[in-house]
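Structural description and commentary
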Amino acid sequence: MPFWLDMFLLFASLSLVAVGGANVLAPEMHRQLVDIRQLMDEATFSQLLALAQAAPGPNILSGSIMGYWIGGVPGLLGATLGLLGPTAVLAWLIAGLTKRLAHAPWLKPAQAGLVPLALGLVGASGLVMAQAAASFPLAPVITVLATLYVWLAPLNPLWALLVGGVLGLVLL
Amino acid sequence: MTTTQKPSLANLFFGFMKVGCMAFGGAQAVARRVMVEERRWLTERDYAELLALAHVLPGPNIGNFAVMFGRREYGLVGALACVGGFFGLPLCLLVGLVSLYGYFGQIAEVNAAMHGVAAAAAGMVLGTALRMGTRLKPPPEAIGLALAVLLASTVLKVPLPVIVLVGAPLGVFAALRRARKVRPAPAGAQSRQGDA
């Protein structure tokens, strides 16, 4: 099997079970890349993961740069297409289904019924991130302040990141 | 009533590019900010419903959202514009950074600032969930379900596919029941209010 296809299949299988997105992907990716296939060591894995999370961009791209690290451009392309392709096709099909059912009287309430799930999962990923970020004593204070700011102030949420970065620089 | 504006194809591409490039620690917070509050492509409710669907599907949440929203607006071209805009630039940036990382990661100041940014990014995601929740004003049983999902995922460490398989039918069931209860009310008995 060509290398890029191997990467494609590996990352496609990871992405297709990652209900909940990139936060769920990381542990499974670790199991496959570090534990089972031994394609990189522990330190490299966590460095690449931290880099993808700190840099701007969707967190799922952490998988793309792992592919790049392992196998250069073919690895990058195989991993990225595997991560994004199959799930995008699935989302495309579901979007078509909801369009076809748009006039069914039960569709709107049914879709509204999924909203609490989204709210709960967004909240949960926030808590998991908060826990991971609590690497120094004042980190939870920054997290709480940012929470209140984004919740209550109708301003650009990115100011919270800037202030957080400056506080980290001053405090650490 | 908040009015929404239909984006052009270029709007979609550059709007999602903005979301992608400002997505620190995940795209959740910025995506909602850009699409609902800045550009008014969707109402709060519409956004929450499409996002919920994106969450139930496997893969990147906002990536799924981009495919579905793009298809809804302009079919295949729309989906490609959204996805390309969203992932393109950040991917190039990351590949560049990986090559530089050996050097960057050693600088103590960069590390310290990144720790602060990570703490704030967590707050951004939490604040976004709270802001959506307060603006949507979900009925009590929906709030209960959202809290149960939160608890199951964080404290009880229930695997996500299980949460989705149990939570989705429960939520849909509750919402359908409520809709049936509301429908027999005489027309005009309650005025529909848009999102504040």
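Per chain, the residues get numbers from 1 upward, laid out in the order the sequence is written. Both sets of labels track the order of writing: A upward for chains, 1 upward for ligands. Per-residue local features of the predicted model are confined to residues with pLDDT of at least 70, and side-chain atom pairs are confined, for both listing and counting, to 80 or more; whole-chain, interface and lining totals are unaffected and use all residues. Water and hydrogen atoms were dropped before computing side-chain values, which therefore reflect all heavy atoms in the structure.

A word on the packing of aromatic side chains. The criterion for an aromatic pair is that two Phe, Tyr or Trp rings (for Trp, the six-membered ring) have centres within 6.5 Å, with stacked assigned to planes under 30 degrees apart, edge-to-face to planes over 60 apart and tilted to the rest. The full count for this structure, using the stated rule, is seven aromatic pairs over all chains. Here the aromatic rings of B:Phe86 and B:Phe87 are separated by 4.7 Å at their centres, their planes lie at 65°, and the arrangement is edge-to-face. B:Phe87 carries the same exposure label as B:Phe86, and that label is buried. Over a ring means this: the NZ of a Lys or the CZ of an Arg is within 6 Å of the ring centre and within 35 degrees of the ring normal. Note that B:Lys6 overlies the ring of B:Tyr74, its terminal NZ or CZ placed 4.6 Å from the centroid. The residue whose ring lies beneath B:Arg71 is A:Trp92, and the NZ or CZ to ring-centre distance is 4.0 Å. A simple rule labels every residue: compare its accessible area, found with a 1.4 Å probe on the protein chains alone, to the largest value its type can have, and call it buried under 20%, exposed over 50%, or partly exposed in between.

As a further point, take unusual backbone geometry. A positive phi is found at A:Gln38, a non-glycine position, where the angle reads about 50°. Numbered from the N terminus, helices here are DSSP runs of H or I no shorter than four residues, and strands are runs of E no shorter than two. Within the secondary structure layout, A:Gln38 lies in the loop between α2 (22-36) and α3 (42-54). Classification of A:Gln38 as exposed rests on a relative accessible area of 63%. With a phi angle near 55°, B:Lys157 is a residue other than glycine that sits in the positive phi range. Its place among the elements puts B:Lys157 in the loop between α6 (140-154) and α7 (160-182).

Moving on to empty space enclosed by the protein. Only protein atoms enter the 1 Å grid, on which a cavity is a set of points fitting a 1.4 Å probe that cannot get out and a pocket is an open set with protein on both sides within 12 Å along at least 5 of 7 lines, lining residues being those with an atom within 4 Å of a point. Grid points are joined across faces, edges and corners, and a volume is the space filled by probe spheres set on the points. Counted according to the given criterion, the structure contains three cavities of 30 Å³ or more. Along the walls of the largest cavity sit A:Val150, A:Ala153, A:Leu155, A:Pro157, B:Ala29, B:Arg32, B:Arg33, B:Glu37, B:Thr128 and B:Arg131, which together make up its complete lining. Contributions of two or more residues to the lining of the largest cavity are made by α2 (28-38) and α5 (108-136) of chain B. The element contributing the most residues to the lining of the largest cavity is α2(B), with four residues. Classes in brief: Ala, Val, Leu, Ile, Met, Phe, Trp, Tyr, Cys and Pro nonpolar; Asp, Glu, Lys and Arg charged; the others, Gly included, polar. Considering only residue class, the lining of the largest cavity consists of five nonpolar, one polar and four charged. Each pocket or cavity is described by its volume, and for the second largest cavity that value is around 60 Å³. Lining the second largest cavity we find A:Leu84, A:Thr87, A:Ala88, B:Pro60, B:Gly63, B:Asn64, B:Val67, B:Val83 and B:Phe87. Counting only elements with at least two residues in the lining of the second largest cavity, the list comes to α4 (61-100) of chain A together with α4 (61-104) of chain B. For the lining of the second largest cavity, the element with the highest residue contribution is α4(B), accounting for five residues. For the lining of the second largest cavity, a count of residues per class yields six nonpolar, three polar and no charged.

This part is about the interface of chain A and chain B. Often, the extent of an interface is quoted as the loss of accessible area upon association of its parts. Should any heavy atoms of two residues lie within 4.5 Å, those residues are considered in contact. The interface of chain A with chain B comprises 88 residues on the first partner and 88 residues on the second. Summed over both partners, the interface of chain A with chain B comes to about 7600 Å²; 79% of that surface belongs to carbon and sulfur atoms. Here the quantity called buried area is the accessible surface, traced with a 1.4 Å probe, that two parts lose on coming together, added over both. On the chain A side of the contact with chain B, A:Trp92, A:Trp151 and A:Leu161 bury the most area, a combined 9% of that side's loss. Put simply, a salt bridge is a Lys or Arg side-chain nitrogen that is within 4 Å of an Asp or Glu carboxyl oxygen. Put simply, chain A and chain B have two salt bridges between them. One salt bridge connects B:Glu49 with A:Lys108, and the closest N-O pair in it is separated by 3.0 Å. Pairing of N or O atoms within 3.5 Å defines a polar contact, subject to two protein rules: one partner must be a possible hydrogen donor and the other a possible acceptor, and residues neighboring in sequence count only if both atoms are side-chain atoms. On inspection of chain A and its partner chain B, the count reaches 12 residue pairs in polar contact (both at pLDDT 80 or more). For the side of chain A that touches chain B, the elements supplying multiple residues, two or more each, are α1 (3-16), α3, α4, α5 (107-112), α6 (115-133), α7 (139-152) and α8 (158-171) of chain A. Of all the elements, α4(A) adds the most residues to the side of chain A that touches chain B, at 19 residues. Looking at side-chain class alone, the side of chain A that touches chain B contains 62 nonpolar, 25 polar and one charged residues.

Each assigned domain of chain B is listed with its residue range as follows: domain 1 (1-137) and domain 2 (139-183). Relative to domain 2 of chain B, the C-alpha centre of domain 1 of chain B lies at a distance of 24 Å. Either an automatic procedure or a domain database provided the assignment from which the domain bounds are taken.

The next thing to look at is the side chain of B:Asn64. The topology assignment puts B:Asn64 in helix α4. The class of B:Asn64 is buried, set by a relative accessible area of 1%. The contact partners of B:Asn64, leaving out residues within four places of it in the chain, are A:Thr87, A:Ala91, B:Ala54, B:Leu57, B:Pro58 and B:Gly59.

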